[in-house]
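Take a look at the letters that make up each chain.
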Amino acid sequence: MAKDSPITRQITTENLEIKSPPVNIRLEEVEECLIYDRHGVPVPFKTLYQDRKSVIIFVRNFLCYSCKEYVDDLSKIPREALSDAGIRLVVIGQSAYHHIEPFCSLTGYPYEIYVDPERCIYQKLGMKREEIFTDSAHPSPHVKSGMLMGHLKSMWRAMTSPAFDFQGDPHQQGGALIAGPGSEVYFSHLDMNRLDHMPINWLLQLAGAQRTLDFNDKPKIIHV
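Model, not experiment: these values are computed from the prediction. (Residues numbered from 1 in each chain as written. Predicted model: local features only at pLDDT ≥ 70, side-chain atom pairs only at ≥ 80, totals over all residues. Heavy atoms only, no water.)

Trainee: Hey, could you run me through the packing of helix α1 (residues 65-74) against helix α3 (residues 100-107) in this one?
Mentor: The axes of two packed helices give the description: the angle between them and the distance between them. The contact between α1 and α3 brings their axes to 9 Å, and the two run at 65°. As α1 packs across α3, the resulting crossing turns out to be right-handed. Counted together, Cys67, Lys68, Val71 and Asp72 of α1 and Phe103, Leu106 and Thr107 of α3 form the full contact between these two elements. By residue class, the composition of the contact of α1 with α3 is four nonpolar, one polar and two charged. (Axes fitted to C-alpha atoms, helices over the stretch in contact; angles between N-to-C directions. Helix = DSSP H or I, 4+ residues; strand = E, 2+ residues; numbered from the N terminus. Left-handed = near helix turned anticlockwise from the far one by under 90°. Contact = heavy atoms within 4.5 Å. Nonpolar A, V, L, I, M, F, W, Y, C, P; charged D, E, K, R; others polar.)

Trainee: Any chance you could explain α3 here in plain terms?
Mentor: Counting along an α-helix, one turn takes 3.6 residues, and residues three or four places apart therefore face a common direction. Listed in full, the buried residues belonging to α3 are Ile100, Phe103, Cys104 and Thr107. Take α3 and look down its axis: the buried residues cluster within an arc of 100°, on one side only. A positive backbone phi angle near 75° is found at Gly108, which sits one or two residues after α3. (Buried < 20%, exposed > 50% of the residue type's maximum accessible area, 1.4 Å probe, protein only. Arc of directions from axis to C-beta.)

Trainee: What is the right way to read empty space enclosed by the protein from this model?
Mentor: This model, assessed by the stated rule, comprises one cavity of 30 Å³ or more. Space inside the largest cavity adds up to approximately 60 Å³. Along the walls of the largest cavity sit Ile57, Phe58, Val59, Arg60, Cys67, Tyr70, Gly175, Ala176, Asp191, His197, Met198 and Leu203, which together make up its complete lining. At the level of secondary structure, the elements contributing two or more residues to the lining of the largest cavity comprise β4 (53-58), α1 and β7 (175-179). Taken together, the residues of the lining of the largest cavity sort by class into eight nonpolar, two polar and two charged. (1 Å grid on protein atoms, 1.4 Å probe; cavity = no way out; pocket = protein on both sides within 12 Å on 5 of 7 lines; lining within 4 Å. Points joined across faces, edges and corners; volume = space filled by probe spheres on them.)

Trainee: I tried to follow unusual backbone geometry on my own but got confused; where do I start?
Mentor: Backbone geometry follows two general trends: most residues other than glycine have a negative phi, and most peptide bonds adopt the trans configuration. For the bond running from Gly180 to Pro181, omega is -5°, close enough to zero to count as cis. If you trace the backbone, Pro181 turns up in the loop between β7 and β8 (185-190). The phi angle at Arg119 is positive, at roughly 55°, despite the residue not being glycine. Within the secondary structure layout, Arg119 lies in the loop between β6 (112-115) and α4 (120-124).

Here is the structure:
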């Protein structure tokens with residue numbers, strides 16, 4: 001059964017209070033790194049952001065419960081919210097390409113997705129390979145499971161998958177970029193731990209979207 005799209009409301013620059021911090025990432029260092037689609041076809045990373053502004057999400061691994069629940073919510077973004085703002089949405093994992101199709105079936109994610117199995121881009125962009133928990137690391141509003149239940153879900157998926165593996169380095173952390181067109185980076189965030197995802201609404205608004213989405217399990221109208 002198709003997932004319900006979240007409720008949306010219009011936003012204005014007056015109530016958009018998110019400020020983009022200075023960006024120190026140079027895409028020239030990773031533009032020729034190869035990523036792979038669900039068929040194993042390689043493409044240079046730079047093709048994702050050359051022709052339009054792209055929101056690019058790097059997930060930890062496809063078995064990670066918090067990444068799965070984050071992508072669950074990415075799948076609820078209406079296509080018109082992206083097309084109206086001219087935004088390209090891309091998810092990148094670090095497993096083998098044959099894990100892409102089952103992950104999309106599990107999450108219902110309908111947009112572009114690739115893998116960087118050698119973690120070339122992860123490493124060159126400085127994404128962490130350990131978890132750091134501090135008071136300043138805000139937990140993701142998109143993760144619904146507690147840590148214990150989340151780990152149990154991840155282990156169950158690993159044991160019941162056709163190929164028993166971790167679908168990527170379990171210690172690798174992810175992040176998010178807003179880039180393009182061209183090699184300009186407008187925003188970057190490197191996750192400190194599995195719960196340190198950038199809120200999806202923040203990313204969309206920073207990329208120029210004019211809506212705020214409600215990702216609650218029971219959608220409701222947001223009064224302006």
